[in-house]
Amino acid sequence: MMAEFDPTILAFCCNWCSYAGADLAGVSRLQMPPNVHVIRVMCSASVKPEYLMKAVSQGVDGVLVLGCHIGDCHYMTGNHRTAKRVPLVKKIMGDVGLDERRVRLDWVSAAEGEKFQKVITEFVNEVKELGPNPLRSVRF
Amino acid sequence: MREEHGNVAPALVSKGDDIGDVRIDVPYQLVNILETIYPWTSGKIAILTRRCDEKALAELFKRGLIDEARIAMIGLGCSKEQVRLCRCEDPVPTKVDVGEASAPAKGDELEAKLSKMSPEERLRFWVGQFKKCNKCFACTTNCPVCFCDDCVLEEKTFVSELGIPPGMSFHLIRSFHLADKCIECGECERSCPASIPLLTLRKMVLKDVKELFDYTPGDKKTSSPLLTTLDDQPLVGDECNEC
Amino acid sequence: MSVKHVLTTCPYCGTGCNFFLQVSDDGKVLGVVPCKTDEISLGRLCIKGYNAHAFIQHPDRLTHPLVRESGGLKQTTWDKAFEKIVHEVTRIREKYGPDSIAVLASAKCTNEENYLFQKLARVAIGTNNVDHCARLCHSSTVSGLLTSFGSGAMTNTIPEFDNADCVLVTGSNTLEAHPMIGARILTAYDKGAKIIVVDPRETPLSRIAYLSLHQKPGTDIAWINGMIKVIIDEGLHNEEFIKNRTTMFDQLKEAVKDYTPEKVESITGIPKKDLISAARIYAKTEKAMLAYAMGITQHSNGTNLVKSMANLAMVCGHIGKESTGVNPLRGQCNVQGSCDAGGLPDLYPGYQRVVDPEVRSKFEKAWGKELSGAKGLTLTCAIKEAEVGKLKALIIFGENIMVADPDIAHVEKALKGLELLVVAEVFPTETSKFAHVVLPAGCYAEKDGTFTNTDRAVRRVRKAVEPPGEAMADWQIACELGKRLGASGFDFKSPSEIMDEMASLAPIYAGINYQKIDGQVTRWPCPSKDHTGTRILHTLKFTKGLGEFAPVQHAPPAEEPSEDYPLILTTGRNLFQYHTGTMTRRSPKLEREAPEPYVELNRGDAKKLEIVDGERVMVSSRRGAITLKARVTDRIIPGSIFIPFHYAEAAANRLTNAALDPISNIPELKVCAAKVQKA
C-alpha cells in the first residue's frame, strides 16, 4: 500500500442542501482534507449516471454525490432519482471489477456542516485505503 | 426471415405477396428492424417474435413507441442450439406458433466464472475485452430497446470522439442505460465484431437490478424503477423517459 | 405502405461486406441491416457500413449536368452536355492525336462500368490512356506480385484469418482501414494466435499485438531482409518448398547476407531481439499469414517492397495452403475489380498485356476495331503530362484527384491547363470545380453491377433506389458517350450483359455470370461456367510456374529529413472518414466522430517545439503548407508525424511528394520531409 497516495476526488453537491452544508463547514473552519473537488449542481438528480461512469473511467479515485435528505428536495423528487441511480452505478462498477466503494451517495442538509466534514473525511480516508483507481494505469 | 440470393434476409411481406422460403434458424433482431421501418408502414403488422422479442415489444409498448394495437405476434420458439448460444433462461414465447418449445439453459458459464474471480482479475478481463472495441455502434444500432434519438454515447463529454478503442465509459454508460430495459436477446454480442461477451455483462447487470429493485424488464404493465420514486409513484416532471 | 430490404455490397473499403439497405415504398433509404449469413462479414459491420445509407439522398447530390460558361458551372441538358464532350473530344483528337486524351476509370464504380470506361478509351477514343486510383494504392502490388508469383491478387481469403496461428501485419492499420478484416484477426487473437504488427504508429491492432515493432518510415526492406536472414541463418527456411517451387534463392541469400539484426536496428530502429523473435515466430508457425497495405506499397521503391513480402512468404513456404499467403488489403470497394476489368494503361481486362500482338488481335476481333499497341499513360504520369501541356483532355469518372493525388499544387496546375475536363460524380468535389462539363452519376445504391473485393470475390451490387434528379448510372453514361462518339459495342440493356461480354474476354472471369454469383460467393479465377471459384491461389504451382525471389536492397526514400524539414511526414486513414471524404463528411454520425483535420505529433517532439495538444499549427513541406490542429500523442515514434488525408480544407496531399516508383509509378505518399511550427 502506497504511503503517500493523494487521491483525486470529485464531490457533486446540490445547490440547496449539500453545497450550503459544505459552505457552512468552511465558514465554521472545520478541518477537512484538501483533495476534494467540489462541483456545485442544482440538484443531485442532475448528476447523470454518465458523469459518474466517465469520472471513474478517466481514473478519478473517488466520486461523492451529496443531495438533500429524502423529502427535502427543492425539486420534490429529484433525490429519489438519485437514490435509485447511484446504487445501480455502484453495482455495475462491481460487475466489471471496479471497487464500488469509490462512488458514494449521502444526504447532507444546509445546516449539517459537521456532517459534511465527517462524510468528506471518511470518504477520503476510505479512498486512500483503496489505493489509486486501477484504470489510471490502463491505456486504451 | 426468408431465403434471398443465397442468403437469409429479413422481409416485410405485404398481403397478397409471395412469402417465399421462410427460415427461422437465423436470428435476425426483427423488433429492432421493425423500429426503423415502423414510421413507413401502415395497418397491422404481424411479426415473428421469440420470447425475448415479446419482452422487447412490451418495453416499447409501455413507452408509447409502438402502438400495441397494430402488432400481432407470431410466437417463434428457439431451437436447443439457439438457447445454448444465448444461455437463455426464458426461451419459450407465450404461444409457440412456429419452432419448438425448448428447455431453458442452466445459466451463463462465463458469468459464473467471473463472479468467482477477484475484482482485480475481473477488471483485467473486462479491460482486455473492451480494448478490442472498434466503436462500430453495432450494439446500440441492433438493440431492440435502444431507442434514443440523441444517444448519450454520441456526446463528446462522455465518450471522446476519434479515439479507438473508446474507453470504459462507453460500455459502463451503456450498461446503465440498458439496465432497466435489456431483455437478453443477445443481439449486441452477436453483432460485435470484436466478440466481446456483452450478453454476459447484461445478465450480470440484470441480476443487480433484480436485487436492488426486484424488477425484470419485459412486462408491459410495470414501470421501470428508475422512472419511479422511492414509493413507486411515477416521477414528476418527467421530460425524458430514459432513466 | 411497405419497406423492402435490398442485399448489396458496401461502397467503402475493399472488404466487401454485404448488408441490406432498407428502402421505403416511396423510395427513401431508411437504414442498414447487416446480412447475418454473409461469409465475408458474418453479420457484422463497422461504423462506416452502418452509415453507408446516410449520404445517398443527401441534398448536395448532383442532379443535373453542368457546363462551364462565362459565369461558372451552369445547369444544362444531357444532350447539350454530351454534344459538348463529343465535339471537344473529336476536335482535340484531330488536332493532337488520340493519346492527348486520357480517361480515369473508377475504383468506386462497378466492374461493368470500368469495363466500359476502358472500352471507351480504347475503342471510342483510340488510346490506352486509361488508369485509376489503384495507381496510388496497390499498383506496386500488381507489378510486384505479377513478377514474384504471376498474379497480383490476395493469395488467400478473408475468412482464413480466423484460423491463422500467426498474422504478421505491416503497413496496415487494419482495425481502422479494414475493420471487418481486423475483426477476423481479433478472432484469431482470441484463439491464441500471435499477432505481430510492424508500424511506425501505435494502432488499435498493435495494442493487442504479441509483438509490436516500430520502424522508421521507408526502411521496410531492411527489416524484411533482416528477418529473412535470421530465418535462413537459423535453418528455419522451408528447403523443400524453395527447391521445388521457386527460383533465384541463391541471389536472395546473397542479397540479405549483410542485413544482420544489428544493422537492421541501426537502419530501422527495431530492437534486434524483437526482430529475431518476430522472424522465428513467423517462420516456425505453420498457419502464418502476411497482411499488408499502403505502408508497403506507397513508396518510391514500392514494387521492391511488395516483392520482399513475397520473398518472406516463399522463404518459409507459407503459400498455397490454408491460412497462409501474401494478403494485400485493397482499399476501395472495387479497386480489385477496376484492375481486373482493364482500367489500366498496359493491361486489357483480365490482366492481358496490351503490347502482346496476339492478345491485342483477340480484342481487336472482339471489339471490331483496330487498337493501339502502345502502353498508355499512368495516372501519375498523365498529371505530369497535363502540366507540361502534352495531355489536353481528361475524362474522370468518380475520382477526386485534387485531394487524393500527391502534390496537389501541381495537380491544380495540370487541371487548369486542360482544354477539356469532364467529371462524372455523385457530389460536387474539389476536382469537379475545375471541370468544363460535370455529369451527375448514380451511386452504388442506384444501379446493378458487381464489385470485386480484396479477396477476389465478385459481389453483387443491387439497385435499391432511383438516382436523384436527372442523374444516370455510370454505365449508361459510358454507353451513351461511346455511341455518340461513333463507336459500336456500347449497346447494352443491362449490366448483366456487360459482365457477360467481359467474362468472354477475361479468362479469370470466364465463369462469372449474375446467376452464379447471385447465390454463392465466387472468387476468381473462375475459368468456366461450372467452376465455383478459387479460394486459395498458387496451391500446386504459381501462376507463372515457379515463384521468383527478388534480391532487393534497402534504398532510402526519395526525400529524407533535412535541417529545413526535420520531420518525416507519413499519411494515412482513420476509421471514421473515407478517402477524400465526399461521402463520409456528409454522413452525420461519421462526421461527428472525426470532424476536423489534425496532425499527430510525438510528445517529445511537441515539447521541443513548445506545442500543446489542441493547438493550431502549420505543417509545411517543399510543396506547400496547411494549418490544422495538433494532437500530441505517444502513438507515433519521435521524428515522425501523421496526417490523415481525408480533409480537403487541410489536404495532406498539399505536402506529399510525387516521387514515383519506376515500375509501378506509385507516388511516395508514405514518406516526405516536413516541418511543424506554431500557426
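A few points on the structure.

Calculation notes
Residues numbered from 1 in each chain as written. Chains lettered and ligands numbered in written order. Predicted model: local features only at pLDDT ≥ 70, side-chain atom pairs only at ≥ 80, totals over all residues. Heavy atoms only, no water. Helix = DSSP H or I, 4+ residues; strand = E, 2+ residues; numbered from the N terminus. Rg over C-alpha atoms; globule rule 2.2 N^0.38 Å. Buried < 20%, exposed > 50% of the residue type's maximum accessible area, 1.4 Å probe, protein only. Contact = heavy atoms within 4.5 Å. Areas by Shrake-Rupley, 256 points an atom, 1.4 Å probe, with all protein chains shown as cover. Pairing = 2+ DSSP bridges. 1 Å grid on protein atoms, 1.4 Å probe; cavity = no way out; pocket = protein on both sides within 12 Å on 5 of 7 lines; lining within 4 Å. Points joined across faces, edges and corners; volume = space filled by probe spheres on them. Nonpolar A, V, L, I, M, F, W, Y, C, P; charged D, E, K, R; others polar. Right-handed = clockwise from strand over helix to strand, strands pointing away. Buried area = accessible area lost by both parts, 1.4 Å probe. Salt bridge = Lys/Arg side-chain N within 4 Å of Asp/Glu carboxyl O. Polar contact = N/O pair within 3.5 Å; in protein donor to acceptor, adjacent residues only side chain to side chain. Axes fitted to C-alpha atoms, helices over the stretch in contact; angles between N-to-C directions. Phe/Tyr/Trp six-rings, centres within 6.5 Å; stacked < 30°, edge-to-face > 60°. Lys NZ or Arg CZ within 6 Å of the ring centre and 35° of its normal. Arc of directions from axis to C-beta. Parallel < 35°, antiparallel > 145°, perpendicular 65-115°, else oblique. Left-handed = near helix turned anticlockwise from the far one by under 90°.

## Let's talk about the overall build of chain A
Part 1: From N to C terminus, chain A includes 4 helices and 4 strands.
Part 2: A compact globule built from 140 residues would reach a C-alpha radius of gyration of about 14 Å, and chain A, at 15 Å, matches this within 12%.
Part 3: Overall, the C-alpha framework of chain A stretches about 40 × 30 × 20 Å when taken along its three principal axes.
Part 4: A total of 140 residues make up chain A; the buried ones form 56% of that total.
Part 5: Pairs at least 24 residues apart make up 80% of the contacts formed inside chain A by residues separated by at least 6 positions.
Part 6: In the structure as shown, chain A presents an accessible area of about 6,100 Å², 52% of it carried by carbon and sulfur atoms.

## Quick word on the pairing of strand β22 (residues 567-572) of chain C
All names here are of chain C.
Part 1: β22 sits mainly inside the fold: 6 of its 6 residues count as buried.
Part 2: Relative to strand β29 (residues 672-678), β22 runs antiparallel, the two being bridged by 3 bridges. The residue bridging L569 from the neighbouring strand is C672, located in β29.
Part 3: Here β22 runs beside strand β26 (residues 640-644); their pairing, made up of 5 bridges, is parallel. Looking across to β26, one finds that T571 is bridged to I643.

## Section: empty space enclosed by the protein
Residue and element names in this part refer to chain B.
Part 1: Per the counting criterion, the structure on display carries 9 cavities of 30 Å³ or more.
Part 2: Here the second largest cavity defines a volume of roughly 130 Å³.
Part 3: Looking at the lining of the second largest cavity, the elements that each hand over two or more residues are α6 (138-142), α7 (168-178) and α8 (187-191).
Part 4: The class makeup of the residues in the lining of the second largest cavity is 12 nonpolar, 3 polar and 2 charged.

## Structural notes on the pairing of strand β4 (residues 103-107) of chain A
Residue and element names in this part refer to chain A.
Part 1: Of all 5 residues in β4, 4 are buried; the element is thus mostly enclosed.
Part 2: One ladder, built from 5 bridges, connects strand β3 (residues 62-67) with β4; its direction is parallel. Considered in β4, the bridge of L66 is made with D106.
Part 3: In this fold, the crossover linking β3 to β4 by way of helix α3 (residues 78-96) has right-handed handedness.

## Things to note about the layout of surface pockets
Part 1: Computed from the structure, the second largest pocket encloses a volume of approximately 1,200 Å³.
Part 2: In this structure, the second largest pocket is lined by 47 residues; those nearest its centre are A:F140, B:S160, B:G163, C:R631 and C:R635.
Part 3: Of all the secondary structure elements, the ones that give two or more residues to the lining of the second largest pocket are α2 (49-58) of chain A, α7 of chain B together with β23 (598-602) and β25 (624-633) of chain C.
Part 4: Of the residues in the lining of the second largest pocket, the class split is 19 nonpolar, 10 polar and 18 charged.

## Overview of the interface of chain A and chain B
Part 1: The partner chain B presents 42 residues to the 29 residues of chain A that form the contact.
Part 2: Buried area between chain A and chain B, summed over both chains or domains, comes out near 3,300 Å², and the portion from carbon and sulfur atoms is 71%.
Part 3: At the boundary of chain A and chain B, one finds 1 salt bridge.
Part 4: A salt bridge links B:E211 to A:K91; the nearest nitrogen and oxygen atoms lie 2.8 Å apart.
Part 5: Viewed at the interface, chain B and chain A are joined by 11 residue pairs in polar contact (both at pLDDT 80 or more).
Part 6: Elements supplying a minimum of two residues to the side of chain A that touches chain B: α2 and α3 of chain A.

## Concerning the interface of chain C and chain B
Part 1: Each partner contributes residues to the interface: chain C has 46 residues there, and chain B has 40 residues.
Part 2: Both faces combined, the contact of chain C with chain B buries some 3,800 Å², and carbon together with sulfur accounts for 57% of it.
Part 3: When residues of chain C are sorted by the area they lose upon contact with chain B, C:M1, C:K36 and C:R592 head the list and together hold 17% of the total.
Part 4: Applying the counting criterion to the chain C and chain B interface returns 5 salt bridges.
Part 5: Its salt-bridge partner being C:K36, residue B:E187 comes within 2.8 Å of it at the nearest N-O pair.
Part 6: Put simply, chain C and chain B have 16 residue pairs in polar contact (both at pLDDT 80 or more) between them.
Part 7: Sorting the residues of the side of chain C that touches chain B by element identifies β1 (3-9), β2 (18-24), β3 (29-34), α1 (47-50), α6 (174-177), α7 (179-190), α22 (514-519) and α23 (588-593) of chain C as the ones contributing at least two each.
Part 8: Here the side of chain C that touches chain B takes 7 residues from α7(C), the largest share from any one element.
Part 9: Partitioned by chemical class, the residues of the side of chain C that touches chain B number 23 nonpolar, 9 polar and 14 charged.

## Describing the sheet that holds strand β4 (residues 71-77) of chain B
All names here are of chain B.
Part 1: Judged by pairing direction, the sheet is parallel, and its 3 strands sit side by side in the order β3-β4-β5 without closing on themselves. A single partner strand is all that each edge strand has here, and the edge strands are β3 (45-49) and β5 (98-99).
Part 2: Both β3 and β4 contribute to a ladder of 5 bridges, which runs parallel. Note that in β4 the partner of L48 across the bridge is I74.
Part 3: Where helix α1 (residues 30-37) meets the sheet, its contacts fall on β3 and β4, and the angle it forms with β3 comes to roughly 155°.

## Structural notes on the packing of aromatic side chains
Part 1: Scanning the entire structure with this criterion turns up 21 aromatic pairs over all chains.
Part 2: Centroid distance B:F125 to B:W126: 5.1 Å. Interplanar angle 80°. Geometry classified as edge-to-face.
Part 3: Here B:F125 falls in the partly exposed class, since its relative accessible area comes to 21%.
Part 4: One aromatic cluster is present, built from ring pairs that chain together C:Y12, C:F55, C:F427, C:Y444 and C:Y578.
Part 5: Between C:K263 and the ring centre of C:Y259, over which it is positioned, the NZ or CZ distance is 4.9 Å.

## Description of helix α17 (residues 379-387) of chain C
Residues and elements named next belong to chain C.
Part 1: Every buried residue of α17 is accounted for by L379, T380, A382, I383 and A386. One side of α17 carries all its buried residues, which in axial view fall inside an arc of 160°.
Part 2: Just downstream of α17 lies G389, where phi reads positive at about 85°.

## Points about the packing of helix α8 (residues 220-233) of chain C against helix α14 (residues 302-316) of chain C
Residues and elements named next belong to chain C.
Part 1: As a packed pair, α8 and α14 sit with axes 10 Å apart at the nearest point and diverge in direction by 15°. The angle between α8 and α14 places the two elements in the roughly parallel class. Viewed along their axes, α8 and α14 form a crossing whose handedness is left-handed. Where α8 approaches α14, its residues D220, I221, W223, I224, M227, I228 and I231 are matched on the opposing element by N304, L305, S308, M309, N311, L312, V315 and C316.

## Considering unusual backbone geometry
Trans is the common state for peptide bonds, and a negative phi is the common state for residues other than glycine.
Part 1: Cis geometry marks the peptide bond from B:I164 to B:P165; its omega dihedral reads -10°.
Part 2: With respect to the element layout, B:P165 can be found in the loop between α6 and α7.
Part 3: At A:M76, a position not held by glycine, the phi torsion is positive, near 70°.
Part 4: Here A:M76 shows up in the loop between β3 and α3.
Part 5: Backbone geometry at B:E184 places phi at a positive 60°, although glycine is not the residue there.
Part 6: By secondary structure assignment, the location of B:E184 is in the loop between α7 and α8.

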